[in-house]
Structure formats: C-alpha cells, structure tokens
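# What the coordinates show
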Amino acid sequence: DGIVQKLRELVEVWTLDVQAMRTWEAVLTKPDEAEMGLVLGWRSGVLAVSAVKDSSITAEHNKANPDAPIKAGMRIVSLNDIRTTPEMMQEIKVASTVRFLMREGLPLPAKLQPGSPLASRP
C-alpha cells in the first residue's frame, strides 16, 4: 500500500481535450498582377496561414465566403493536390488557380508542457 501511494504521488496524470477540426476546400484564381495575399509560416512540416493581407485575392474570397474564410492559424493540408510543404510553397508562387484544402486549428506542440492550454489535470 505504501508503494502504491508513493507511485500515485510521483505520477502526474494528464488529459488532453481534443476538438474536431473542420476541413474544407477553397479555390482562388489569381489574375496576372493580383496578389494572393497570404503570409505563410512553416513549422514542424506544417504549412500554416500567419496572416491575410488586406486588398488581396484572399481578402476578397473571405468577404464573399464568410462561412469559409481563410484566416490566420489555419493549416494548409494540400494545395493543388500537393501535400509536401516545399512543393506547396513553390506551387503557390506560380499557379494562377489554387485549390486549397484548409483545416482549422493549430498544430499540436511536439510535447505538451504543464501549463499548456492544451494540457490540463483532471
């Protein structure tokens, strides 16, 4: 009984709240001189939207599609059926029509730390 009590004191119990992340497709067509208007970030192999510039094709898309906007914090799962980040970064520079598969939510950190908003004790 003493050993079990000591183990209970030493072991920390963590729970993780998992939330469903909505995934959808957005197709944007870029005229020759227009700007897509996405500021992208790449971390741990995940391509994510850092910001959307005003007066851009993406901002226009967001106004026309308020139920499916492209906004900061969203992950780009694929771009024109490409799923690897370096190739997606190249494709977005040259493609006039871009078909995004977007996912809401932030990537999980590599390791949950005590105090992280994603980790909590029961």
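Because the structure is predicted, anything quoted here is derived from the model rather than measured.

### Things to note about the overall build of the protein
Looking only at helices and strands, the protein has 3 helices and 7 strands in total. Listing the helices and strands of the protein from first to last along the sequence gives α-β-β-β-β-α-β-α-β-β. Residues counted as buried form 30% of the 122 residues belonging to the protein. Counting only contacts in the protein whose residues sit at least 6 apart along the sequence, the fraction spanning at least 24 positions is 60%. In the form shown here, the protein has an accessible surface area of approximately 8,500 Å², with 53% of it arising from carbon and sulfur atoms.

### Observations concerning helix α2 (residues 57-64)
Residues of α2 that are buried: I57, T58, A59, H61 and N62. In this fold, the buried residues of α2 make contact with β2 (23-29), β3 (38-43) and β4 (46-52).

### Some thoughts on the pairing of β2
Alternating positions in β2 separate cleanly, W24, A26 and L28 being buried on one face and T23, E25, V27 and T29 remaining unburied on the opposite face. Inspection of the sheet shows β2 paired to strand β6 (residues 97-103) by 7 bridges, in the antiparallel sense. Note that in β6 the partner of V27 across the bridge is R99.

### Considerations on the nonpolar core
Core analysis: the largest hydrophobic core is formed by 19 residues, its most contacted members being I70, I76, F100 and M102. Of all elements in the fold, only β2, β4, β5 (75-79), α3 (85-94) and β6 reach the threshold of two or more residues within this core. With near-sequence residues (within four places) excluded, M102 lies in contact with R22, T23, W24, V49, I70, M74, R75, I76 and V77.

Here is what the cut-offs are and how they apply
Residues numbered from 1 in each chain as written. Predicted model: local features only at pLDDT ≥ 70, side-chain atom pairs only at ≥ 80, totals over all residues. Heavy atoms only, no water. Helix = DSSP H or I, 4+ residues; strand = E, 2+ residues; numbered from the N terminus. Buried < 20%, exposed > 50% of the residue type's maximum accessible area, 1.4 Å probe, protein only. Contact = heavy atoms within 4.5 Å. Areas by Shrake-Rupley, 256 points an atom, 1.4 Å probe, with all protein chains shown as cover. Pairing = 2+ DSSP bridges. Core = buried A, V, L, I, M, F, W, Y, C linked by side-chain atoms within 4.5 Å.

Geometric descriptors of this kind do not, in isolation, establish any biological role.
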